[in-house]
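Observations on chain architecture
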Amino acid sequence: AAPAFNMTGYAAPKIDKVRIAVIGLGMRGPGAVDRLSYIEGAEIVALCDKHADRVEKAQKILTNKGLKEAKSYSGENGWQQMLKEVELDLVYICTPWQYHAPMCIAAMKAGAHAASEVPIGLTVKECWEVVRVSEETKKHCMMLENCCYDFFEMLTLNMTRQGLFGELVHAEGAYIHDLLDLNFNKKGYDDMWRLRQNIKMNGNLYPTHGVGPIAQCLNINRGDRMTHLVAMQSADFQMGEKAKELAAKDSFFQEFVGQRYRGNMDTTLIKTEHGKTMMLQHDVTSPRPYSRLHLLSGTKGFAQKYPKEGIAFGHSFIKEDELKGLYDKYTPELIKYIGAQAKEVGGHGGMDFMMDWRLIDCLRNGLPLDQDVYDGASWSVIVPLSCESVAKNSKTVLIPDFTKGAWKTNKPHDLTLNGGGNTGIRPKVSKDQKNQLKID
Ligand SMILES: NC(=O)c1ccc[n+]([C@@H]2O[C@H](COP(=O)([O-])OP(=O)(O)OC[C@H]3O[C@@H](n4cnc5c(N)ncnc54)[C@H](O)[C@@H]3O)[C@@H](O)[C@H]2O)c1
């Protein structure tokens, strides 16, 4: 059956002042409050976290800049009260993974657009549910895949669109990030939620940073689609040991001893309808440098981001000055317009701010969002499907078509500003201001 309403390319009515609530003010959320507070037309009207002191701290980000205090909500269910009481245009979600889908769904039902940290759902059912509710309510549901906005990723996306790599044949992405100490840090993730997920699920738990940028290059859901995957996973060689080591000195860690931990390295292979292949890796324990791979291999060219940005049109990588020339020629308009400011505001080198600014600018100008609910759902569903494949000895698992066939005619998202770009930055960022804004 065709989708109830196709959210790809959907432009919601313009919103002049975007009234925003931010839920989840742990390690990630306050940065979002800071970034959004620089954007003209973005009004943070409500702040919510389970812990009241985190809400108070985040209020200071606003008041230090002379902005109005937002309404405060706390407690496990404060967010539900907030959705009842406050009129909102956008709910921006930075909570632990298990809350993303329920919070997006409730936000859309309450009449707001939803934007959620990655992944947007943890089960196939949750992924279908965000799609259904977005179509039904005609509210955007964007997964905040910030890596799609990084400089090299956007350069190579534009180069792909301009045909420099020819036809893409294969692409790779990853989340390789040594989080072993942070996952076992008592003062890290709230109530050790991330470590608990590494016990509960056994697959690629964080596929979206790797898959998002390469899926855009491959026109996934917009001309092609992912059909099936197989996942293979190593055993756990580190987390179980780490738990034992810590528990020997601190009884707090006793409950983490003897658990069945997620295998350390997951490799997932995906095939597309048009015969392209994708490889994703996930490793958050090995002592090795950070990598998202971001590798594109086409009939005419090749790109890889890690360990060093490189582009090739034959046997060797092009020289630094040639790479610079490509940046000059193929950097998309969005980066030319906002990239320098984004570097000033910061957030993973600027990509977080470009994502936030673009989201607000699209809402204010009534433009379709770069990432729609089908992107969020199909990039996230790799979490449960890789777990299913691993559990069945790397069995082939089919990937649902969340677009219900609309992928055949959906167009890739617009890389030009397309009439947007009239959303200013307030106030101009200076190094001093940034320091004042630091929260301890
Ligand atoms: N895109 C990125 O680059 C990036 C970077 C870091 C984190 N993240 C994502 O951001 C999310 C948050 O991660 P984090 O590192 O801030 O974790 P965290 O544990 O530091 O913060 C989560 C916050 O959510 C709050 N919370 C929990 N239950 C709640 C509820 N019912 N109502 C309101 N608040 C609740 C917690 O109190 C905590 O303050 C995760 O999904 C994570 O994967 C993304």
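Here's what I pulled together on the structure shown here. (Residues numbered from 1 in each chain as written. Predicted model: local features only at pLDDT ≥ 70, side-chain atom pairs only at ≥ 80, totals over all residues. Heavy atoms only, no water.)

1. Describing the overall build of the protein
- Along the backbone of the protein there are 16 helices and 14 strands.
- Over its C-alpha atoms the protein spans a radius of gyration of 21 Å, differing by no more than 12% from the 22 Å that the globule rule assigns to 440 residues.
- For the protein, the proportion of its 440 residues judged to be buried stands at 60%.
- Residue pairs in contact within the protein that sit at least 24 positions apart in sequence constitute 77% of those at least 6 positions apart.
- Of the roughly 18100 Å² of accessible surface on the protein, 52% is carried by carbon and sulfur atoms. (Helix = DSSP H or I, 4+ residues; strand = E, 2+ residues; numbered from the N terminus. Rg over C-alpha atoms; globule rule 2.2 N^0.38 Å. Buried < 20%, exposed > 50% of the residue type's maximum accessible area, 1.4 Å probe, protein only. Contact = heavy atoms within 4.5 Å. Areas by Shrake-Rupley, 256 points an atom, 1.4 Å probe, with all protein chains shown as cover.)

2. Quick look at the packing of helix H1 (residues 29-36) against helix H2 (residues 52-63)
- Look at H1 against H2: their axes get within 9 Å of each other, and the N-to-C directions meet at 20°. The angle between H1 and H2 places the two elements in the roughly parallel class. Seen along the crossing, H1 lies across H2 with a hand that is right-handed. Every residue of H2 that contacts H1 at Pro30, Val33 and Asp34 is listed here: Ala58, Ile61 and Leu62.
- A class-by-class count of the residues in the contact of H1 with H2 yields 5 nonpolar, no polar and 1 charged. (Axes fitted to C-alpha atoms, helices over the stretch in contact; angles between N-to-C directions. Parallel < 35°, antiparallel > 145°, perpendicular 65-115°, else oblique. Left-handed = near helix turned anticlockwise from the far one by under 90°. Nonpolar A, V, L, I, M, F, W, Y, C, P; charged D, E, K, R; others polar.)

3. Concerning the site of the ligand
- Taken together, 28 residues sit near the ligand, with Arg28, Asp49, Arg54, Trp193 and Tyr206 positioned nearest.
- Residue Gly26 places a main-chain N or O atom 3.3 Å away from an oxygen atom belonging to the ligand.
- In this structure, an oxygen atom belonging to the ligand sits 2.8 Å away from a side-chain N or O atom of Trp193.
- Considering the ligand on its own, with 840 Å² of exposed area, one finds that the protein chains cover 95% of that surface. (Near = heavy atom within 4 Å. Polar contact = N/O pair within 3.5 Å; in protein donor to acceptor, adjacent residues only side chain to side chain.)

4. Focus: the nonpolar core
- Formed by 127 residues in total, the largest nonpolar core has its most connected members in Leu47, Met82 and Tyr92.
- Leu47 has contacts with Val22, Leu25, Val33, Val55, Ala58, Gln59, Leu62, Ala70, Lys71, Ser72 and Tyr73, leaving out every residue within four places of it along the chain.
- Met192, Ala243, Leu246 and Tyr261 belong to the second largest nonpolar core, which has 12 residues in total. (Core = buried A, V, L, I, M, F, W, Y, C linked by side-chain atoms within 4.5 Å.)

5. Examining the sheet that holds strand S1 (residues 18-23)
- Within the open sheet, the 6 strands sit side by side as S3-S2-S1-S4-S5-S6. Their pairing is parallel. Since the sheet does not close on itself, it has two edges, and those belong to strand S3 (71-74) and strand S6 (141-143), each with one partner. Along the sheet, successive strands turn relative to each other by an average axial angle of 20°, direction set aside.
- Bridge count between S1 and strand S4 (residues 90-93): 4 bridges; the pairing is parallel. The residue of S4 that forms the bridge with Ile23 is Ile93.
- The sheet contacts of helix H13 (residues 351-365) involve S1, strand S2 (42-49), S4, strand S5 (113-116) and S6, and relative to S4 the element is tilted by about 165°. (Pairing = 2+ DSSP bridges.)

6. Brief notes about helix H8 (residues 193-200)
- For H8, the buried fraction is high: 6 of the 8 residues fall into the buried class.
- Among all positions in H8, only Trp193, Arg194, Leu195, Gln197, Asn198 and Ile199 are buried.

7. A look at the sheet that holds strand S13 (residues 310-312)
- Overall, mixed pairing links the 8 strands, which are arranged S13-S12-S11-S7-S10-S9-S8-S14 in an open sheet. Because the sheet does not close on itself, it has two edges, and the strands there are S13 and strand S14 (397-398).
- Sheet analysis places strand S8 (residues 226-233) next to S14, joined by 2 bridges and oriented antiparallel. The residue bridging Leu229 from the neighbouring strand is Val397, located in S14.
- The sheet strands contacting helix H15 (residues 382-391) are S8, strand S9 (266-272), strand S10 (277-283) and S14, and the helix crosses S8 at an angle near 55°.

Any functional reading would require information that these geometric values do not contain.
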